[in-house]
Amino acid sequence: MNPLADTNLSVKVEYKIISFEDWRKAVMPMWSWIKFHTWIPIINNPYGMIQYCGEEVFSRLIQFPIAAFVDDKPVGWSLVYNVSDTVIRVRGVYVLPEARGLGIGTGLYDFALSLWPEPWTQYIGYYDSKSLKHFMRTWDLKPIAQYSLRHRQIPATKQASEPIQLAYRKIKLTEKQ
Amino acid sequence: MKSKKLIADNFIKLHLEKYGLNGTNTQKNPPANFPVWSAKTSEKQLSQITGVKFGYNGQVFNWRESSTCMFWVDYGNESGALPTTFLSECLKAVDQIANRYSTFSIPFLGSTFSQVLLSIVSETQHNYRITIPACLDCPALNFESEFNSKINFDRKYTTLVETIEFSEEEFVAFLREMTAEVRCADPIVAFSAFIGARSQFAQVYHSPWPEIRDENFDIVGNKAVGPSNWNVVDNESHFAIARYLLKKNKEGIHNLFYSYPNIFFAILNEAVWKQWIKKAMEDSDRQSSSENFLNGKFLAEYFPNLYEPTSWISGISHLLKFKEELLQHYPKANEAWLTPLYRLIEKRKIHYDFQLNLNESIYGLVL
């Protein structure tokens, strides 16, 4: 059941940049293996995506934690950062169960991309097969042919989770502010 | 029309203060229950550990203050002479160590590092000692018989040996104290620190060989999952001895490769290394890490008499039983930092005649 979708009314969603602290408190349910939200690191570098070297990481990497609001209530979160001077990555999208099915996930992606000027022309991210299928349909995401499914270890348990696939999307100029 | 780089630079400049990793929007955790050592580090102390910069949150040689402090490493830009050969850079480093310390010691643990260092210093006229750990109640941490059986030095070397006798209980007490003081979550590093702490000489601490890893090799599935993506991997624990020396105001070389990074750059410039990595990128012979090669065939090129470090491997297995306890108490003291290899060699002006960055079209470029 989706209470918001069931109203059949057009829901006005606002997207904003929020503080990193609010972001990591909100997305903690996605980090099932941690005890406190403060354990969520400032940044992560999955599979060596970040192309910056040493102190460049602190002088060139920008991160925008973002949220979707319905009636001033936050219902979805994401965070976008640059892995290089031309490519960005979104660090997960989380939408509250009661707000799913309204396009808020894709709305968060669109907003995340709109924050970056022209040198950043590509988005990349890892997806499990269910999410990949969803965003291929709703957001024009494409799996990258040279990259195959890979296993991911859950940090605390070292158990393998569902395999993930690297996908990309070119950023169109019209998506930029 | 503005260049892409200029636009990127301006955008970053505009947002860095607020949205950079140290920006005002990225509120960090306040220090809590972390032992923070705030004494000012002297120039003399820093001269012991310079070479590779390390620290937290973009600051140099500072302390971890909270769980979200971001450990980082910087290999710097090219300056001065390019690295020569692996062997000559090792010899240069040993000469510099001998200039700094009238007598220095090297640990004997049976590892390839111990064997190599011993081979190098024994070719010099420097004043050195060989420190041998001899645990009285744990054979896995006693390397005396290994030294006596494997090292065929003539009699003059017997006067150079410094044997450190200890009980396992003493080591465990040191391990816990060191971990609490400088947040070392690696018992192997703590063991090296223990041996150095017990030595009466400035020690060249046992140093793990540099690790270069292909991040597009799936270890769990044991297969390549994308074009090679080689990164230098530096672990926070590997700098624990540097923090320990700084805190205790103790002399010594915390890590040969970090204190004298030209040794590492020379490895990256050696033809045998370049041949290996070129092959390791081919579909038919993909490799996940440099570990086996650097510890094996690479060293065998220069030191044909190296033997299998079986005692050290037993020692490591024994030490690893303490790891769980350390990680339980200090879950956030074992961060890894990645440096893209192609960027490092670019910055150090090391030339490869093949394309090392195969992911440019996916991960993008630093303009």
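To be clear, the structure that these remarks concern was listed above.
Worth saying up front: this structure is predicted, and the values here are computed from it rather than measured. Every chain is numbered independently, its residues counted from 1 as its sequence is written. Throughout, the order in which chains and ligands are written sets their labels, letters from A for the former and numbers from 1 for the latter. Per-residue local features are limited, in this predicted model, to residues with pLDDT of at least 70; the limit for side-chain atom pairs, both in listing and counting, is 80 or more; totals at the level of whole chains, interfaces and linings are taken over all residues. Heavy atoms from the whole structure form the basis of all side-chain values; hydrogens and water molecules are not counted.

1. Remarks on the interface of chain A and chain B
Any two residues whose heavy atoms approach within 4.5 Å at even a single point are treated as in contact. Every contact between the two is made by 56 residues of chain A and, on the other side, 59 residues of chain B. Buried area is understood as the total, over both parts, of accessible area removed when two parts are fitted together, assessed with a 1.4 Å probe. Between chain A and chain B, roughly 4900 Å² of surface is buried when both sides are summed, and carbon and sulfur atoms account for 61% of that area. Considering only the side of chain A, the residues that lose the most area to chain B are I42(A), Q51(A) and F58(A), jointly responsible for 16% of the buried surface there. Each reported salt bridge corresponds to a side-chain nitrogen of Lys or Arg within 4 Å of a carboxyl oxygen of Asp or Glu. In this assembly, chain A and chain B are joined by 3 salt bridges. Of the charged contacts, one joins D9(B) and R60(A) as a salt bridge, the two residues approaching to 2.5 Å between their closest N and O atoms. Here a polar contact is taken to be a pair of N or O atoms separated by no more than 3.5 Å, where protein atoms must pair a possible hydrogen donor with a possible acceptor and residues adjacent in sequence count only if both atoms sit in side chains. Viewed at the interface, chain B and chain A are joined by 23 residue pairs in polar contact (both at pLDDT 80 or more). Elements with a contribution of two residues or more to the side of chain A that touches chain B: helix 2 (20–26), helix 3 (56–60), strand 2 (63–70), strand 5 (122–128), strand 7 (150–153) and strand 8 (160–170) of chain A. Helix numbering and strand numbering both begin at the N terminus, where a helix is a DSSP run of H or I of at least 4 residues and a strand a DSSP run of E of at least 2. In terms of residues, the side of chain A that touches chain B owes the most to one element, helix 3 of chain A, which gives 5 residues.

2. What to know about the environment of A68(A)
Residues and elements named next belong to chain A. By the secondary structure assignment, A68 is in strand 2. The sequence separation of A68 and G107 amounts to 39 residues, and the corresponding C-alpha distance is 8.1 Å. Setting aside its immediate chain neighbours within four residues, A68 contacts V13, E14, Y15, K73, P74, V75, G76, I104 and L108.

3. Re the nonpolar core
Residue and element names in this part refer to chain B. Throughout this description, the term nonpolar core refers to a set of buried Ala, Val, Leu, Ile, Met, Phe, Trp, Tyr and Cys residues connected via side-chain atoms within 4.5 Å. Relative accessibility under 20% of the residue-type maximum defines a buried residue, over 50% an exposed one, and the middle range a partly exposed one, all with a 1.4 Å probe and only protein chains included. Of all hydrophobic cores here, the largest spans 170 residues; its most connected members are L268 and W273. Among the elements that take part in this core, helix 7 (residues 187–198) stands out by supplying 7 residues, more than any other. The contacts of W273, once residues within four sequence positions are left out, are I212, I267, L268, S290, F293, L294, F298, L341 and Y352.

4. Thoughts on the packing of aromatic side chains
A pair of Phe, Tyr and Trp rings is counted when the ring centres sit within 6.5 Å of each other, with Trp represented by its six-membered ring. The angle between the planes then sorts it: under 30 degrees is stacked, over 60 is edge-to-face, the rest tilted. Tallied over the entire structure, the rule returns 51 aromatic pairs over all chains. Judged by centre distance (5.4 Å) and plane angle (75°), the rings of Y123(A) and W139(A) are edge-to-face. Pair noted here: Y123(A) is in strand 5 and W139(A) is in helix 5 (residues 129–139), with a separation of 16 residues, a long-range link. Here W139(A) falls in the buried class, since its relative accessible area comes to 3%. Among the aromatic residues, those joined into a ring-pair cluster are F86(B), F113(B), W209(B), W230(B), F257(B), W273(B), W276(B), F293(B), F298(B) and Y302(B). Whether a charge sits over a ring depends on NZ of Lys or CZ of Arg being within 6 Å of the ring centre and within 35 degrees of the ring normal. Between R150(A) and the ring centre of Y47(A), over which it is positioned, the NZ or CZ distance is 3.5 Å.

5. Some details on the side chain of S84(A)
Within the secondary structure, S84(A) is located in the loop between strand 3 (73–82) and strand 4 (87–95). Accessibility expressed as a relative area gives 0% for S84(A), which makes it buried. Engagement of the side chain of S84(A) in a polar contact is seen with the backbone oxygen of Y363(B), the distance being 2.8 Å. Those residues in contact with S84(A) that sit more than four places away from it in its chain are Q51(A), Y52(A), W120(A), Y363(B), G364(B) and L365(B).

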